[in-house]
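Close look at the chain arrangement
Next come the chains, spelled out residue by residue.
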Amino acid sequence: MSDLALDRQIDRSQMTVSDEVAIQITKMNKWFGTFHVLRDIDLTVYRGERIVIAGPSGSGKSTMIRCINRLEEHQSGTIMVDGTELSSDLKNIDKIRSEVGMCFQHFNLFPHLTILENCTLAPIWVRKIPKREAEATAMHFLEKVKIPEQAHKYPGQLSGGQQQRVAIARSLCMKPRIMLFDEPTSALDPEMIKEVLDTMVELAQEGMTMICVTHEMGFARQVANRVIFMDAGQIVEQNEPEAFFNNPQHERTKLFLSQIL
Ligand code: ADP
Ligand code: MG
């Protein structure tokens, strides 16, 4: 794990947190069979927040964010996203997924589709957006992640960092209000980590509400407004980055930080 400092000035002036609730998780529990993986999770995310989730492997970080767009189902408690409750109601699931974008460690691009097609597939088929308009939007976001020249290539022809930026652009094409990132840089070589973090910084500066599971503590320090530490399926501690790193309260947090910093 690296404490990669972003070698750019971070403009935090646009990163304002509103008092509007984006996500409200209340007493949420999840089991995999008999294994109690998430325990009484309470979390309120306000619009404009950049939350970094840290914690040891297996602590439930991925499962928690996957519950937020129903890639995993929780068994008790409630999850509200933009005022809609996540339940088995398919209408609600569709609505929430349309507002929540997600990027994974392994970019999950369609290998047999071009970059442009990867970015227009869901807008055309799910959103029923005319092809031309979907392509214009896709080019806009490919420019934003600085790879418009790759539009007609296939994922296998791009570097890992470029593929991850495509994955981010593809999510943005659905115009999400919230972005979830699950270790977006963990599969990348060091020289590519920065270009993906740069893209995430720009999103943050534009006011995107973001929840990022990441080991990039430099990103956490400079971009996050809140760091959440999870262990054994629980939120153990959370604080603003400065206090979190300099003055951790719980033994488990101290141990974790001593291992990664
Ligand atoms: P993290 O992202 O913090 O590494 P995960 O959320 O991936 O943790 O996993 C939390 C725990 O749940 C781990 O013990 C993992 O083995 C277990 N787990 C994850 N997914 C499944 C699944 N689909 N079925 C059973 N157990 C799972
Ligand atoms: Mg994980």
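The following paragraphs examine the structure supplied in this document.

Criteria and thresholds
- Along each chain, numbering runs from 1 in the same order as the chain's sequence is written.
- For this description, chains carry letters from A and ligands carry numbers from 1, given in the order in which they are written.
- This being a predicted model, a pLDDT of at least 70 is required before a residue's local features are given, and a value of 80 or more before pairs of side-chain atoms are given or counted; all residues contribute to the totals for chains, interfaces and linings.
- As a rule here, side-chain values come from all non-hydrogen atoms in the structure, and water together with hydrogens is ignored.
- Throughout, exposure labels follow a simple rule: accessible area from a 1.4 Å probe, protein chains only, divided by the maximum for the residue type, with under 20% read as buried, over 50% as exposed, and the rest as partly exposed.
- Secondary structure elements are taken from DSSP: a helix is a run of H or I of four residues or more, a strand is a run of E of two residues or more, and numbering for both begins at the N terminus.
- Strands pair, by our definition, only if DSSP identifies at least two bridges between them.
- Axis definition: a line fitted to C-alpha atoms, limited for helices to the stretch in contact. Angles are taken between N-to-C directions and run from 0 to 180 degrees.
- Here is the rule for angles: anything less than 35 degrees is roughly parallel, anything more than 145 is roughly antiparallel, 65 through 115 is roughly perpendicular, and the remaining ranges are oblique.
- In this scheme the crossing of two helices becomes right-handed for a clockwise turn of the near helix relative to the far one and left-handed for an anticlockwise turn of less than a right angle.
- In what follows, a contact means two residues having at least one pair of non-hydrogen atoms within 4.5 Å.
- Under the scheme applied here, ten amino acids are nonpolar (Ala, Val, Leu, Ile, Met, Phe, Trp, Tyr, Cys and Pro), four are charged (Asp, Glu, Lys and Arg), and all others, including Gly, are polar.
- Nearness here has a simple test: a residue counts as near a molecule or strand if at least one of its heavy atoms is within 4 Å of that partner.
- Think of a polar contact as two N or O atoms within 3.5 Å of one another; within protein, one of them needs to be a possible hydrogen donor and the other a possible acceptor, and neighboring residues in sequence only count if both atoms come from side chains.
- In these tables, accessible area is a Shrake-Rupley quantity obtained with a 1.4 Å probe, and a residue counts as shielded only by the protein chains included in the view.
- In this analysis the probe radius is 1.4 Å and the grid spacing 1 Å, with only protein atoms considered; a cavity is a set of points the probe fits into but cannot get out of, a pocket is an open set with protein on both sides within 12 Å along at least five of seven lines, and lining residues have an atom within 4 Å of a point.
- Grid points are joined across faces, edges and corners, and a volume is the space filled by probe spheres set on the points.

Concerning the pairing of strand 8 (residues 209–213)
Across the five residues of strand 8, five count as buried, placing the element largely inside the fold. Alternating residues of strand 8 divide into Thr209, Ile211 and Val213 and Met210 and Cys212, and every residue in both groups is buried. The pairing of strand 3 (residues 50–54) with strand 8 spans four bridges and is classified as parallel. Its bridge partner lying in strand 8, Ile53 is registered against Val213. The pairing of strand 7 (residues 178–182) with strand 8 spans five bridges and is parallel. Counterpart to Ile178 in the pairing with strand 8 is Thr209.

What about the packing of helix 3 (residues 115–125) against helix 4 (residues 131–144)?
For the pair helix 3 and helix 4, interaxial distance at closest approach is 9 Å and the crossing angle is 125°. In this view, helix 3 runs oblique relative to helix 4, as classed from their interaxial angle. You can see that helix 3 and helix 4 cross each other, and the crossing is right-handed. Residues Ile115, Leu116, Cys119, Thr120, Pro123 and Ile124 of helix 3 lie in contact with helix 4, whose contacting residues are Lys131, Ala134, Glu135, Ala138, Met139 and Leu142. In the contact of helix 3 with helix 4, the residues fall into nine nonpolar, one polar and two charged.

Thoughts on the site of ligand 1
All residues adjacent to ligand 1 are Phe32, Phe35, Val37, Pro56, Ser57, Gly58, Ser59, Gly60, Lys61, Ser62 and Thr63. Between Ser62 and ligand 1, the recorded distance is 2.8 Å, taken from a side-chain N or O atom to an oxygen atom. Between ligand 1 and Thr63, the relevant distance is 2.5 Å, taken from an oxygen atom to a side-chain nitrogen or oxygen of the residue. Relative to its unbound accessible area of 560 Å², ligand 1 is 58% covered by the protein chains. Only strand 2 (35–46) and helix 1 (61–68) provide two or more residues apiece to the shell around ligand 1. Among the elements that line the shell around ligand 1, the one with the most residues is helix 1, at three residues.

Observations regarding empty space enclosed by the protein
If a probe as big as a water molecule is rolled over the atoms, it shows which places are left empty. Scanning the model with the defined rule gives one cavity of 30 Å³ or more in all. Approximately 30 Å³ is the volume found for the largest cavity. Lining the largest cavity, in full, are Lys144, Val145, Leu172, Thr199, Glu202 and Leu203. Ranked by residues supplied to the lining of the largest cavity, first place goes to helix 6 (residues 190–205) with three residues. Here the residues of the lining of the largest cavity sort into three nonpolar, one polar and two charged.

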